[in-house]
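Residues per chain, in single letters:
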Amino acid sequence: MSPSDETISLLSPAKVNLFLRILGRRPDGYHELASLFQTIALCDTLHFNMSDVDLLTSTNLTLPTGPSNLIWKAIKIFREKTGIFFPVKVLLEKRIPLEAGLGGGSSNAATALWAMNRLAGMPATSTDLMKWSAEIGSDVPFFFSSGTAYCTGRGEKIASLNPLPNQKISIFKPLQGLSTPAVYQRLKVENLERRDPEAFLKRFVDNDPYYFNDLEVPAFELLTSLQQFKRSLERLGFDHVLLSGSGSAFFCIGEPVKNSPLSLVDAQFEYSAEFINRVDNDWY
Ligand code: C5P
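First, a word on what this report is: a plain description of the structure on this page. As the structure is a computational prediction, the values presented were derived from the model and not from experiment.

### Observations concerning the site of the ligand
Taken together, Gly29, Tyr30, His31, Leu33, Gly137, Ser138, Arg154, Thr180, Pro181 and Tyr184 make up all the residues around the ligand. Note that a nitrogen atom of the ligand is positioned 2.9 Å from one of the backbone N or O atoms of Arg154. For the ligand, the protein covers 73% of the area, taking 450 Å² as the surface of the free molecule. When residues of the shell around the ligand are traced back to their parent elements, those giving at least two are β2 (31-50) and α4 (180-186).

Below, the structure is given as structure tokens:
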């Protein structure tokens, strides 16, 4: 295929889990879950160019840019599935914190699949891309939804929903991050409350939301300072404060009370965002 000079620049949004219910451990080591995922306006940007050689660079120098990076896994899968090969140069402008439960790596992989497909002249449908992306990671297919989706299975079964009423959402992450497998390993499934996820989905659709995350307990056990971190956010007066995914970032819905001492929260990262959604046939 003939190389083009076109640069494709795409946003790669973070996600939060408005509720996250873990239903059980599976024989393959994954967990069966039911969760309401939402994309938010905290985004990385990926720039893609056809090139002479493959190259990935990141503005975050601590991020591995070798084959373990999910962007390379996405590019590899695109090449295998389509049989189309062209070298690419990728620049990743990283803003989403790592080890935060905000889905940054998964979002980058989904965005890379979308960008490769555009550079190649759209040989695949977004349904193809969503299906292929489950091979990269459990959270990747969600990013091909409308941006609001009820996700089940290990996270890869996606039911896109209409956008929810928009909300101001603030993200706070402490210095220490958390590893997703470590949090799942710590989880005691038998201790979880047997809540019916469909009832909670209905509450969100009916605009009577109830926020909860079954991974908070194991995350707090692994990183004991997190409980205190959550309390200090709650004291600021937000309506809801919840761990996002496997953490260690929290999202806060609503606004802090006026003149509240944000400096009392020992956050390494703070960001004010809102919900965002994707329209069909376009990226975020
Ligand atoms: O699918 P992904 O590679 O992103 O998952 C990372 C890790 O998170 C898995 O190896 C597993 O330990 C844990 N996980 C899980 N159940 C899920 C999703 C992830 O146990 N539904």
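There is more to say after this.
### Topic: the pattern of salt bridges
Applying the stated rule across the entire model yields 15 salt bridges. Between Arg95 and Glu93 there is a salt bridge, with the nearest N and O atoms lying 3.0 Å from each other. Residue Glu93 is classed as partly exposed on the basis of its relative accessible area, which comes to 26%. Between Arg186 and Glu221 there is a salt bridge, with the nearest N and O atoms lying 3.1 Å from each other. Of this pair, Arg186 sits in helix α4 while Glu221 sits in helix α6 (residues 216-222), placing them 35 residues apart in sequence. Taking the relative accessible area as the measure of exposure, Arg186 reaches 38% and is therefore partly exposed. Taken together, the shared-partner salt bridges in this structure form one network comprising Arg26, Asp28 and Glu32.

### Things to note about the nonpolar core
Of all hydrophobic cores here, the largest spans 41 residues; its most connected members are Phe48, Ile71, Ile75, Val88, Val90 and Trp283. For this core, the secondary-structure elements that each account for two or more residues are β1 (7-25), β2, α1 (70-82), β4 (88-93), α2 (104-119), α3 (126-133) and β5 (148-152). Residue contributions to this core peak at eight residues, all from α2. With sequence-adjacent residues up to four places away left out, Ile75 is seen in contact with Phe48, Val88, Val90 and Met116.

### So, the packing of aromatic side chains
Applying the stated criterion across every chain, the model contains 18 aromatic pairs. Measuring from centroid to centroid gives 6.4 Å for Phe19 and Tyr150, while their planes differ by 50°, and the two rings are tilted. Within this pair, whereas Phe19 is found in strand β1, its partner Tyr150 is found in strand β5, the two being separated by 131 residues in sequence. Of the two residues, Phe19 and Tyr150, neither departs from the other in class, the shared state being buried. A ring pair is formed by Phe229 and Phe250, whose centres lie 5.7 Å apart and whose planes are at 40°; its orientation type is tilted. Here Phe229, found in helix α7 (residues 225-235), pairs with Phe250, found in strand β10 (residues 250-253); they are 21 residues apart in sequence, far enough to count as distant.

Reading guide: rules and limits
- Residues numbered from 1 in each chain as written.
- Predicted model: local features only at pLDDT ≥ 70, side-chain atom pairs only at ≥ 80, totals over all residues.
- Heavy atoms only, no water.
- Near = heavy atom within 4 Å.
- Polar contact = N/O pair within 3.5 Å; in protein donor to acceptor, adjacent residues only side chain to side chain.
- Areas by Shrake-Rupley, 256 points an atom, 1.4 Å probe, with all protein chains shown as cover.
- Helix = DSSP H or I, 4+ residues; strand = E, 2+ residues; numbered from the N terminus.
- Salt bridge = Lys/Arg side-chain N within 4 Å of Asp/Glu carboxyl O.
- Buried < 20%, exposed > 50% of the residue type's maximum accessible area, 1.4 Å probe, protein only.
- Core = buried A, V, L, I, M, F, W, Y, C linked by side-chain atoms within 4.5 Å.
- Contact = heavy atoms within 4.5 Å.
- Phe/Tyr/Trp six-rings, centres within 6.5 Å; stacked < 30°, edge-to-face > 60°.

Limitation: the analysis is restricted to geometry and does not speak to function.
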